[in-house]
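Close look at the chain arrangement
One-letter residues, chain by chain:
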Amino acid sequence: MRQKFIVKLLFLCCVFMGGLVYLVVNFGAGYQIALSGGMLEEDKELGNIRKFLLTQNPELGKLNQLNLSITIRDLLHKEISYKPSNIKINYMDLEGTMRMLFSDKELGVYCGGLVIIYMAALKSFGIPSRYVGMYKYTVNSPKPVPSHASVDVYVNGRWIAMDPTFNFSIQAKNEYLS
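Procedures and definitions
- Numbers given to residues run from 1 along each chain, matching the order in which its sequence is written.
- Note on the predicted model: pLDDT of at least 70 is required for a residue's local features to be given, and 80 or more for side-chain atom pairs to be given and counted; whole-chain, interface and lining totals, by contrast, use all residues.
- Values reported for side chains reflect all heavy atoms of the structure, with hydrogen atoms and water molecules removed beforehand.
- Starting at the N terminus, helices and strands are each numbered in turn, a helix being any DSSP run of H or I of at least four residues and a strand any DSSP run of E of at least two.
- Burial classes: relative accessible area under 20% of the type maximum marks a residue as buried, over 50% as exposed, and values in between as partly exposed (1.4 Å probe, protein chains only).
- Note on contacts: a residue pair qualifies if any of its non-hydrogen atoms lie within 4.5 Å across the two residues.
- For the area figures, the Shrake-Rupley method with a 1.4 Å probe applies, and any residue is considered shielded solely by the protein chains shown.
- At least two DSSP bridges between two strands are required for those strands to pair.
- Take the residue count of a helix, subtract one, and multiply by 1.5 Å to get its expected span.
- Under this definition, polar contacts are N or O atom pairs within 3.5 Å; protein pairs additionally need one hydrogen-donor-capable and one acceptor-capable atom, and for neighbouring residues in sequence, both atoms have to be side-chain atoms.
- Buried Ala, Val, Leu, Ile, Met, Phe, Trp, Tyr and Cys residues that are joined via side-chain atoms within 4.5 Å together make up what is termed a nonpolar core.

1. As for the overall build of the protein
Secondary structure summary: the protein contains five helices and 10 strands in total. Looking at the protein residue by residue over its 178 residues, the buried ones come to 42%. Sequence separation of 24 or more characterises 52% of the internal contacts of the protein that already satisfy a separation of 6 or more. Surface exposure of the protein reaches about 9,700 Å², of which carbon and sulfur atoms provide 56%.

Here's what the structure looks like:
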């Protein structure tokens, strides 16, 4: 019981407004958590991620933050396969990992890996985000899972749920954005 509480607390405390840090805590019995939040060689790595994304869609540089967040989410959902992670994400070279996943459709990641990549992509355009961990069984999903990772994006003074895995967004009052 205490371990579940700690896991939930750690996820609630994980806010992505700085650079990137990756921390894995293994609690045994199948509980593992991954947190993101503070240390890339920010200027270089984030600049490379931004350049790569702009080569994929040059219009990204012209969009407001909300439309940019949605367009990046859509792009990652389309280009990166959701399947058992058959690569190790290099957290010190997320741009390289992103290039690999875009170029080789046999490679893929689960929701947690996709969330880390999405958060880095958002950060490369100066958009704050935070990791959201959901536990027990995710209801109303095409593939029921015991846990799920998603993202909240901070746009226009409020947090908006953006899920790159299932490719949807929700804002206040349960209105769907896309």
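2. What to know about the pairing of strand β7 (residues 147-155)
β7 sits mainly inside the fold: seven of its nine residues count as buried. Hairpin connection of β7 to strand β8 (residues 158-163): two residues between the antiparallel strands, including Asn156 at a positive phi of 50 degrees.

3. Some points on helix α3 (residues 65-79)
The terminal C-alpha atoms of α3 lie 21 Å apart, and with 15 residues this matches the ideal 21 Å at 1.5 Å per residue to within 8%. Of the residues making up α3, those classed as buried are Leu66, Leu68, Ser69, Ile70, Ile72, Arg73, Leu75, Leu76 and Glu79. At the N-terminal boundary of α3, the capping side chain belongs to Asn64, with an oxygen 3.1 Å from the backbone nitrogen of Leu66.

4. Here we look at the nonpolar core
Residues Leu53, Ile72, Leu76, Ile80, Met98, Tyr118 and Val153 are the most contacted members of the largest nonpolar core, which totals 39 residues. Going through the elements one at a time, α2 (42-56), α3, α4 (94-103), α5 (111-124), β7 and β8 are the ones with two or more residues in this core. In this structure Val153 touches Ser69, Tyr118, Leu122, Ile127, Pro128, Ser129, Arg158, Trp159, Ile160 and Met162, once residues within four positions along its chain are discounted.

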